[in-house]
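One-letter residues, chain by chain:
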Amino acid sequence: GDIYFKRSADNGTSFSSTQNLSNNPGNSTAAQIAVYQDNVYVVWEDATTGNGDLYFKKSVDNGTSFGDIENLSNNTSFSGSFHMAISGSNVYVVWTDNATGNGDIYFKRSADNGTSFSNIENLSNDNGISYGARIVISGNNVYVVWNDGSTGKGDIYFKRSADNGTSFSST
């Protein structure tokens, strides 16, 4: 299971040759792609490390070529069920991660078109199982929602950042 990519420069009339973006021994699944201007961003779940991590790759030339793979989650627990959003030069990724043992919502952002990423931030950080995170952007505002089992009822939780994901409000 690898992640493959083809591009069309003529509105889908023809396509380039196939590029293998993951090209590793682990099973790569659930790819998501986003585009802003000449930048193409791809995130996927990957089992190469044996526990499931989130991998990222970007192109700065409309998908003609791609840079190196970056492991966004890079820990010894399962990371998956991710969602990516793009706004200008900002790339945002949220996902469910079992690093704390109960499933929390983690967040990472890049403010330089995916060249470098911030440290991982645990947005949910509670005793319940958190999953299904979604992220949307409007101007400088970053909105994240997810399902959470802390109360035993499967509630919806929300956090907002008014500074492009640098800091977040209370849950």
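Reading the values: the criteria
The numbers attached to residues start from 1 for each chain and follow its sequence in the written order. The predicted origin of the model limits local features to residues at a pLDDT of at least 70 and limits the giving and counting of side-chain atom pairs to 80 or more, whereas totals for whole chains, interfaces and linings rest on all residues. Note that the side-chain values use all heavy atoms of the structure and ignore hydrogens as well as water. For every residue, the pLDDT score states the predictor's confidence, bounded by 0 at the bottom and 100 at the top. Only DSSP runs of H or I covering at least 4 residues are called helices, and only runs of E covering at least 2 are called strands; the numbering of each starts at the N terminus. Between any two strands, at least two bridges found by DSSP are needed for them to pair. Categorising residues by exposure relies on relative accessible area from a 1.4 Å probe, with only protein chains included: less than 20% of the type maximum marks a residue as buried, more than 50% marks it as exposed, and the intermediate range marks it as partly exposed. Stacked, edge-to-face and tilted are the three classes for Phe, Tyr and Trp ring pairs, Trp counted by its six-membered ring, which pair at centre distances within 6.5 Å; planes under 30 degrees apart are stacked, over 60 edge-to-face, the rest tilted.

Participant: What am I meant to see in the confidence of the model for the chain here?
Facilitator: In low-pLDDT regions, the fine details of the predicted coordinates are not to be read closely. Here the chain averages 95 in pLDDT, and 100% of its residues register 70 or above. Mean pLDDT across the elements of the chain ranges from a minimum in strand β7 (residues 79–87), with 95, to a maximum in strand β1 (residues 4–5), with 98.

Participant: Help me understand the sheet that holds strand β8 (residues 90–97) in this model?
Facilitator: Across a sheet, paired strands are connected by hydrogen bonds in the backbone, their directions being either parallel or antiparallel. Taken in spatial order, the four strands of this open sheet run β7-β8-β9-β10, and their pairing is antiparallel. A strand with exactly one partner marks an edge of an open sheet, and here the two such strands are β7 and β10 (121–122). Sheet analysis places β7 next to β8, joined by seven bridges and oriented antiparallel. Directly across from I86, in β8, lies its bridge partner V91.

Participant: Would you mind going over unusual backbone geometry with me for this structure?
Facilitator: A negative phi holds for most residues other than glycine; trans holds for most peptide bonds. At Q37, a residue that is not glycine, the phi angle is positive and equals roughly 50 degrees. The residue Q37 is located in the loop between β3 (28–36) and β4 (39–46) in this model. Its identity is not glycine, yet N164 carries a phi of approximately 60 degrees, on the positive side. For N164, a relative accessible area of 18% translates into the label buried.

Participant: Mind showing me how you'd approach the pairing of strand β13 (residues 155–161) here?
Facilitator: The two faces of the sheet receive side chains in turn, since in a regular strand these alternate between them. Note that strand β12 (residues 141–148) and β13 share seven bridges and pair antiparallel. Along β13, the bridge assignment pairs V145 with F158. With antiparallel pairing between neighbouring strands as the criterion, β12 and β13 make up a hairpin whose turn holds six residues, including G152 at a positive phi of roughly 85 degrees.

Participant: Would you mind going over the packing of aromatic side chains with me for this structure?
Facilitator: Here a ring pair, both rings aromatic, is described through the centre-centre distance and the interplanar angle of the planes. Counted under the stated rule, the structure contains nine aromatic pairs. Centroid distance F56 to F117: 5.0 Å. Interplanar angle 80 degrees. Geometry classified as edge-to-face. Separated by 61 residues along the polypeptide, F56 in strand β5 (residues 53–59) and F117 in the loop between β9 (104–110) and β10 bring together distant segments of the chain. Three or more aromatic residues joined by ring pairs form one cluster here, namely Y41, F56 and F117.

Participant: Explanation requested: the sheet that holds β5 in the structure shown.
Facilitator: The strand order across the open sheet formed by four strands is β3-β4-β5-β6, and the pairing between neighbours is antiparallel. Two strands lie at the open edges of the sheet, namely β3 and β6 (70–71), each paired on one side alone. Sheet topology places β3 next to β4; seven bridges connect them, and they run antiparallel. What sits directly across from I33, in β4, is V42.

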